[in-house]
8 protein chains.
Amino acid sequence: MNKEEMLEFLRKVKNDEISVEDALVQLKTAPFDDIGYAKVDFHRGIRQGANEVIYGQDKTPVQISGIVKSMHEHGISNILITRMSKEAADFVSKNHTLEYHEIPKAGIAYKNENIKRTGSVVIASGGTSDMAVCEEAALTAEILGSNVTRLYDVGVAGIHRLLAHSETIMKARVIVAVAGMEGALASVIGGLADCPVIAVPTSVGYGANFGGLSALLSMLNSCASGVSVVNIDNGFGAGYLANMINKMESAEE
Amino acid sequence: MNKEEMLEFLRKVKNDEISVEDALVQLKTAPFDDIGYAKVDFHRGIRQGANEVIYGQDKTPVQISGIVKSMHEHGISNILITRMSKEAADFVSKNHTLEYHEIPKAGIAYKNENIKRTGSVVIASGGTSDMAVCEEAALTAEILGSNVTRLYDVGVAGIHRLLAHSETIMKARVIVAVAGMEGALASVIGGLADCPVIAVPTSVGYGANFGGLSALLSMLNSCASGVSVVNIDNGFGAGYLANMINKMESAEE
Amino acid sequence: MNKEEMLEFLRKVKNDEISVEDALVQLKTAPFDDIGYAKVDFHRGIRQGANEVIYGQDKTPVQISGIVKSMHEHGISNILITRMSKEAADFVSKNHTLEYHEIPKAGIAYKNENIKRTGSVVIASGGTSDMAVCEEAALTAEILGSNVTRLYDVGVAGIHRLLAHSETIMKARVIVAVAGMEGALASVIGGLADCPVIAVPTSVGYGANFGGLSALLSMLNSCASGVSVVNIDNGFGAGYLANMINKMESAEE
Amino acid sequence: MNKEEMLEFLRKVKNDEISVEDALVQLKTAPFDDIGYAKVDFHRGIRQGANEVIYGQDKTPVQISGIVKSMHEHGISNILITRMSKEAADFVSKNHTLEYHEIPKAGIAYKNENIKRTGSVVIASGGTSDMAVCEEAALTAEILGSNVTRLYDVGVAGIHRLLAHSETIMKARVIVAVAGMEGALASVIGGLADCPVIAVPTSVGYGANFGGLSALLSMLNSCASGVSVVNIDNGFGAGYLANMINKMESAEE
Amino acid sequence: MNKEEMLEFLRKVKNDEISVEDALVQLKTAPFDDIGYAKVDFHRGIRQGANEVIYGQDKTPVQISGIVKSMHEHGISNILITRMSKEAADFVSKNHTLEYHEIPKAGIAYKNENIKRTGSVVIASGGTSDMAVCEEAALTAEILGSNVTRLYDVGVAGIHRLLAHSETIMKARVIVAVAGMEGALASVIGGLADCPVIAVPTSVGYGANFGGLSALLSMLNSCASGVSVVNIDNGFGAGYLANMINKMESAEE
Amino acid sequence: MNKEEMLEFLRKVKNDEISVEDALVQLKTAPFDDIGYAKVDFHRGIRQGANEVIYGQDKTPVQISGIVKSMHEHGISNILITRMSKEAADFVSKNHTLEYHEIPKAGIAYKNENIKRTGSVVIASGGTSDMAVCEEAALTAEILGSNVTRLYDVGVAGIHRLLAHSETIMKARVIVAVAGMEGALASVIGGLADCPVIAVPTSVGYGANFGGLSALLSMLNSCASGVSVVNIDNGFGAGYLANMINKMESAEE
Amino acid sequence: MNKEEMLEFLRKVKNDEISVEDALVQLKTAPFDDIGYAKVDFHRGIRQGANEVIYGQDKTPVQISGIVKSMHEHGISNILITRMSKEAADFVSKNHTLEYHEIPKAGIAYKNENIKRTGSVVIASGGTSDMAVCEEAALTAEILGSNVTRLYDVGVAGIHRLLAHSETIMKARVIVAVAGMEGALASVIGGLADCPVIAVPTSVGYGANFGGLSALLSMLNSCASGVSVVNIDNGFGAGYLANMINKMESAEE
Amino acid sequence: MNKEEMLEFLRKVKNDEISVEDALVQLKTAPFDDIGYAKVDFHRGIRQGANEVIYGQDKTPVQISGIVKSMHEHGISNILITRMSKEAADFVSKNHTLEYHEIPKAGIAYKNENIKRTGSVVIASGGTSDMAVCEEAALTAEILGSNVTRLYDVGVAGIHRLLAHSETIMKARVIVAVAGMEGALASVIGGLADCPVIAVPTSVGYGANFGGLSALLSMLNSCASGVSVVNIDNGFGAGYLANMINKMESAEE
């Protein structure tokens, strides 16, 4: 039940087309996404430029293609598909317009080339091995309407490389710090920057990194203020949140 | 070396008052906090209303009192002291104006009652046991200049209590979700809200919560978008970041 | 808004005492605990004989006493307080009728001696060290209206002790198996019994039990069917669920 | 030795056909499955409609086929085979009547189409990725004789989807809550429902879910009462226990 | 330097064929396996019937074949090769007499059919999935000269199956208890038996068994006396130790 | 029912003093410790010289004293009480003859000074910090009737100290290797000795020893054959098993 | 900006070829690797004989080949490539001079055969399974200019093998101790040697070694002084550090 | 048997004062600390200026005092006692000359004020909370004869503080990097310095630092070369190793 339907429903109550007893039952059993919470989702889509994101990892090419078809028929464009294999991309491409990015394994179906981008999201990482996660974050933020600056060569073991970009860091509205191994990048950037830092631990490394645990714990224990953490390898989550913060408007007085 | 000093230094080079060889040495050995990065810290204090936060846990009452004295003499007010024992508070109160909050074990020395607060930070928790962490977050955000709304009775095991406050949740600019045990609050709020959600796992619980690990992992794996996580029991970190996001201004076009 | 209020509200819509536009707003903002979900809690209390349980661990004697007072004034009896210290019990006893059990550290305020008990819950444990958890489970099930049989001497290292009680085990409607150390009791009982088995790992032991982890993992991996697990040391949860299962009525045809 | 044989044996002792000394030896060495405990297993099969379940994971197609053949020859039907590969299913199908379900990788050999189903088991999950585990639970409960309702679109990040089905949840006799990632579904359903909730953590997710650990710990720490937990991905165990609870009959007065 | 060589060396010192100074140097630099400790190894081989065991897991077929060749040329028979792939076995068989056992992936090169076996080692397990580990233990004990009794159908979830074999258990000189999942078998057997029990946790299972951790912790926390534990899946180690204990002779008065 | 009672019972069946039907019931419900398994326990006590061991950790002085009294009245001497506080020892001493050992916190009530000791158990440790665990093992083995040799200064960081005692090691019938920190002692001794080695990890150490985990894992992964492991700090378990192995008699031909 | 460029830049300031305002901007934005810290890297290369190391694991053959080409064109030889697959080596060999070592999967491009080696690095391991890690360490130290002695047959389970090489151990300037399983080698060597010992835990083993965790914890808890630890399987890191220590020169008076 | 005694022994063999058979026995049973390995320890003490270190944690004041007395009587001075309580220090001071340092809880008995110090060890930490560990490292290195520079205000969250000391860092011969929380200091220093870096994780922090685990894993995964790690809070181990490296002399040509 959307807003119009709700008004229509209430008019029927008013006009005796539906009894108050029946109305009570309908209200109690109506799916909640029809009277309130679904609007949230709907509004969210309109406001943020991406109506839905498809997590491709556990879905077959046929399933992904079906969801894309359904969304496209409902007039949705700019459909982001994360963790999508090359095979799935090839399959979806047969019937749909798809832009596929191999490094982050992400696809954008029915891309709207006219997305207006604003603000400034900086995505920083220490090594090339973290690039897949970085690009997932970058694509997500871009498709949602944020300007993205990539700083992909700034690991803490050569701190001067990072310091050389301190201007960029200080001008950012929000920074995504992506790092595996010891994950120290988040703390160092958190100490340099004035803005929120979203830390993304990655599973890059071996031995005592235990699948990203070392970077995760390191980032959670960051001694710098303004740093928060998302799941290991969760580039999408970081990009989504970065865009959300980047799009913040001034609080009303 | 601040900007003016740097210009003066370069003028001396120009005017042969200092040789290029000596200038090279000075540039290489100049403390970096004298030419740029220290300003960051200084600016940060001015801009955010709290010049410095004292982490009281591993400090003696004498040490805390000494730091407060030093800061006060430099004209700093609104000095937040976290994880401060009652004993330390009593000691510091002898020589300084201190407002002490017993639940979060936090003190504010030389409080400036005229802090102007803006925006809207919502701090939500499921049970009364999490209140110490919540209040640490709330006090931090308030002292830094944010309006704070407390929702302390909204655990997911009685989801209607949370839903009853959905208006508050939807109007928030940023939400801090504090929860121990299964930590599900962050996901549920993340699904309801349009704004960034900062999840704070707490060590409240027993048995298989392993000192907060259950809530921590739960929050990191949140299936809701827009959620990020800080360290277990880190109310201060959440409040600091919440204020930072709450104070965001609109991006320039 | 309860059922009557809701009908009244709908009548007002019908009679033009409230406009459909205003009705829309009211429906969207009505607290959910006023139209449905709060009733659930209320009904639950009536149906199960215990209106509320107080988790005493993180509460002061004053707080516990206050909650008991409030509940008592609302006509509630049989108030169970778990993880309550002796000190808290002494304090509460000053102003309220309280039956205190030292081993499980549980109190029952304003106990209703006329609780009718039905069915058959068996609570089994291997050693005397697990008795506090067992008694918490037993008291909970009893206060909620279940007959409880205690089997406290039946550890798997002397399997004949358990087998000697096989009649009791086979006649149970539901069994709570409490064990620390290797937690094997749940599997052995699960293999003997026809009814649901609720396994409670305890933190009893030392060294490689890691605070109950060994028994927890052991029980989760039980090769017997019909076994499920609650948190380490969670006697209350097991007793509550045991009573719930014990009270099951036959499904309608 | 069954009951009749035992009586016969005792009669021989009485009639001096066997000396008391020899009887002593026989009693001490008689296999216990001949005098009591084996009957349990036998009765269980008759009473519950499934004589035996074959865990297919570590068995070869030949082994599975052999066990099916043996059971079939003993007049057993409705043989459930879990974790059975497509290859094994193809092999078994050559010689036996087999209904194979690809998603849960489960087979039913010599299915009895006339199983009478009673009661109400609800199986709920948050995402499509958990479907294999859900279907294993559903098939198990159905083959054992329970009515099953599937709610597969009700994750907590969009709480309204779950609330839209609150009628179904409240009418259930027992609920299986299947969830990966943060596993919050169990707590939310536990708060809504009056009946036992069996929580099944799944290994769905990545990074800090550590193979299902996050959902497992989350569910064990559920702040809702009436919730217990089975092993990660253990759909069979949940379905088996759900059926057991669903089939509960009223306790005698 | 063996005993004879050592005596010869000392005679040379006596006869001035070697100066005391040179003798000092020789003694200090002589490989220790030449004067004492190597004898241990040598004696061990003679006494136990297997001179050397080859751990095949990280070795190529060529390497294994080479070691077998070297040992055979030194007159060694009954060469046990553990964790040997079928491919390696096929390769080694080309040039050597090899008896290969597929289930435990173990080979015996140049088997001595006349090994005299003594005593009584019982190897018990709960399920067929543990058979590979059991057979590795059994083969090891047998090749070293122990009589082995296999009890492979005695899991604790059907305790009567185990009890039916209590005579066998009580007559054993040493028992190897192999179990995955909850690993309770070791405790139950430990409670029944009078002899040392060697517990072998296996990695059989899924979910919260975490690669054998659940059985490992369970066995380490066994409340039965006389139980000790070897590494997960370490059938060889258990068989080796079982043989060692089985071969114990009476202590001298 | 002991052997005599069982014969008497069977005679009654024979003589019609008890009907076969009643006999059936009695046999099925007779406590199993009366017809078979209890004898095991009883025999064990007689054979091993210690009828019962009291684990004192979770028991009050009154409880311990009561158990000692009960055992003493049944004619039992040499009662070992482990993990007994000084306070408990003082209390028990008031009414009973007690020999108390402060380092291992172990007491022996009604000690039989005439225990005959046989064989050779060697207990080795690396540092003085492990002495409490060592002494618990030593006392246990001694009270059960084993000769014990203590080697308490033989840590692997000074390997010569261990090698100086190689004669002792090589002559042992069974060795208990007690070590915290890196737990390497078990492997080194396992490489030197021909006899079974029981490794006891201790919680001695700090930091990354994680309460004994480092020594535990180290010992489980020992590359030496003939080594098995008991729980962290479980001196009693090691001493009990060591005595059991030490008392082994030659297998019959 | 290197030293010469910096002097040139300062001269321009002096000579008014660049204004002080512009100079300020240039200094603040100049990449830090141009004014100081990069020199460190540059100097390091010259001093140590290997300008750069390529971590091959996450790079494609094309990428590796491209980096080698770039470095070669800048006059760099002795380029070490670690964790390089056979396929990558074959590809790189097409266009470049490459010496490939299969066991450690390491390549050296444009090897300088005239490297002068000094000092003494000893690399010790217990078993052949650790050889890949050992050789990675050895090659790294050799290519950087250290003499390397390999002791690959000295596991602690046969301590005499290690003691036979005590002369070599005592003469080393630095020792790399590589071990999987229980990792005891580091402690034993640490007790024998006078020089720094770098411990490398390996993932060799199974079961409770948990991917190298057992050896890692064991080495971190070493009771020998002078031992430090690098990441699991990190042969390169150990070889690099060993060379660094080996090349130490005497401190100035 | 020292060198002289060994020569004497061999002379006796030569002169027939001892038979070759008896000599064989003596050689086999001679304690190894008498012919070689004990000298190592002795030499070590002489060479390094500290004959012995007393780990005070698990020792009573009486025990510590006794060991000090024994060492002093053997002419040893500069006796370092680590982890020594104030109470123990007061007790030892009664009878011995003791310099006690409260922060690192370390004592030096019979301090030799004339220790000559050489080289340069830098000890860096991020916060004042790590000072106890730092001072333990510093005192250890100083008492062993190294010059120590303390850098205690250089955490990575304010990277400019560290960079201001880059000259000091670059001139160090060896650096000890002490850090809790995220432990990033080791990587940043490792990237700046040319010398070996010994990383010491500390248990400082809370929540997800899990007693130092976060810093430990972070340091083990350091992406900087030349970094190795010691146990959590092991200041002594770091100081000992730092002195050992600092004292390195140039390798012979």
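Residues numbered from 1 in each chain as written. Chains lettered and ligands numbered in written order. Predicted model: local features only at pLDDT ≥ 70, side-chain atom pairs only at ≥ 80, totals over all residues. Heavy atoms only, no water.

1. With respect to the interface of chain H and chain G
Consideration 1: Facing 39 residues of chain H, the contacting portion of chain G comprises 38 residues.
Consideration 2: Taking both partners together, chain H and chain G bury about 3400 Å²; carbon and sulfur atoms supply 57% of that area.
Consideration 3: Inspection of the region where chain H meets chain G yields 0 salt bridges.
Consideration 4: Taken together, the links from chain H to chain G amount to 7 residue pairs in polar contact (both at pLDDT 80 or more).
Consideration 5: Elements with a minimum of two residues in the side of chain H that touches chain G: helix 3 (37-48), helix 8 (166-171), helix 9 (185-192), helix 10 (213-220), strand 9 (227-229) and helix 11 (235-246) of chain H.
Consideration 6: Counting residues per element, the side of chain H that touches chain G draws most heavily on helix 11 of chain H, at 6 residues.
Consideration 7: Counted by class, the side of chain H that touches chain G contains 20 nonpolar, 12 polar and 7 charged residues. (Contact = heavy atoms within 4.5 Å. Buried area = accessible area lost by both parts, 1.4 Å probe. Salt bridge = Lys/Arg side-chain N within 4 Å of Asp/Glu carboxyl O. Polar contact = N/O pair within 3.5 Å; in protein donor to acceptor, adjacent residues only side chain to side chain. Helix = DSSP H or I, 4+ residues; strand = E, 2+ residues; numbered from the N terminus. Nonpolar A, V, L, I, M, F, W, Y, C, P; charged D, E, K, R; others polar.)

2. Section: the sheet that holds strand 4 (residues 106-109) of chain G
Residue and element names in this part refer to chain G.
Consideration 1: An order of 1-2-4-3 is seen for the 4 strands of this open sheet, with the pairing classed as mixed. Where the open sheet ends on each side, the last strands, each with one partner, are strand 1 (53-55) and strand 3 (98-101). Between one strand and the next, the sheet's axes are offset by a mean angle of 15°, whatever the strand orientation.
Consideration 2: Note: strand 1 against strand 2 (residues 79-82), 3 bridges, orientation parallel. Paired with Ile-54 across the two strands is Ile-81, which belongs to strand 2.
Consideration 3: Contacts between helix 4 (residues 61-73) and the sheet are confined to strand 1, strand 2 and strand 4, with strand 2 contributing the most and set at about 165° to the helix. (Pairing = 2+ DSSP bridges. Axes fitted to C-alpha atoms, helices over the stretch in contact; angles between N-to-C directions.)

3. Thoughts on the relation of the copies chain D and chain C
Consideration 1: Note on the copies: chain D fits chain C at an RMSD of 0.1 Å, the axial shift is 0.0 Å, and the rotation between them is 180°. Those values place the two copies in the arrangement expected of a two-fold rotation axis.
Consideration 2: In this assembly the copies share their binding face: 100% of the residues contributing to the interface of chain D also contribute to that of chain C. (Least-squares fit on C-alpha atoms with pLDDT ≥ 70 in both.)

4. Some points on the side chain of Asn231(F)
Consideration 1: In this structure, Asn231(F) sits in the loop between strand 9 (227-229) and helix 11 (235-246).
Consideration 2: Using a relative accessible area of 3% as the deciding quantity, one classes Asn231(F) as buried.
Consideration 3: With residues up to four places along the chain from it excluded, the contact list for Asn231(F) reads Tyr206(C), Gly207(C), Ala208(C), Leu220(E), Asn221(E), Val200(F) and Pro201(F). (Buried < 20%, exposed > 50% of the residue type's maximum accessible area, 1.4 Å probe, protein only.)

5. Observations regarding the pairing of strand 2 (residues 79-82) of chain E
Residues in a regular strand project their side chains so that they alternate between the two faces of the sheet.
Residue and element names in this part refer to chain E.
Consideration 1: The side-chain alternation of strand 2 yields two buried faces, one formed by Ile-79 and Ile-81 and the other by Leu-80 and Thr-82.
Consideration 2: In the classification by handedness, the crossover that spans strand 1 (residues 53-55), the intervening helix 4 (residues 61-73) and the parallel strand 2 is right-handed.
Consideration 3: Looking at chain direction, strand 2 and strand 4 (residues 106-109) are connected through 3 bridges and run antiparallel. The residue bridging Ile-81 from the neighbouring strand is Gly-107, located in strand 4. (Right-handed = clockwise from strand over helix to strand, strands pointing away.)

6. As for the relation of the copies chain H and chain G
A rotation about an axis combined with a shift along that same axis relates the two copies of the chain.
Consideration 1: Mapping chain H onto chain G leaves a residual RMSD of 0.5 Å; the transformation is a rotation of 179° accompanied by 0.2 Å of translation along its axis.
Consideration 2: Counting the interface residues of chain H, we find that 97% of their copies in chain G are interface residues as well, pointing to one common contact surface.

7. Comments concerning helix 5 (residues 86-95) of chain B
All names here are of chain B.
Consideration 1: All of the buried residues in helix 5 are Ala-88, Ala-89 and Val-92. Here the buried residues of helix 5 occupy an arc of 100° about the axis, which is enough to place them on one side. Projecting away from the buried face of helix 5 at angles above 90 degrees are the exposed residues Glu-87 and Lys-94.
Consideration 2: The elements touched by buried residues of helix 5 are helix 4 (61-73) and strand 3 (98-101). (Arc of directions from axis to C-beta.)

8. Brief notes about unusual backbone geometry
Residue and element names in this part refer to chain B.
Consideration 1: Residues other than glycine seldom take positive phi values, yet Tyr-110 does so here, at roughly 50°.
Consideration 2: Mapped onto the elements, Tyr-110 comes out in the loop between strand 4 (106-109) and strand 5 (118-125).
Consideration 3: Judged by relative accessible area, Tyr-110 falls into the buried class, the value being 15%.

9. As for the sheet that holds strand 1 (residues 53-55) of chain F
Where strands meet in a sheet, backbone hydrogen bonds hold them as pairs that are either parallel or antiparallel.
Residue and element names in this part refer to chain F.
Consideration 1: Spatial strand order, 1-2-4-3: 4 strands in an open sheet with mixed pairing. Looking at the sheet topology across the chains shown, the edges are occupied by strand 1 and strand 3 (98-101). This sheet shows a mean twist of 15° between the axes of neighbouring strands, independent of strand direction.

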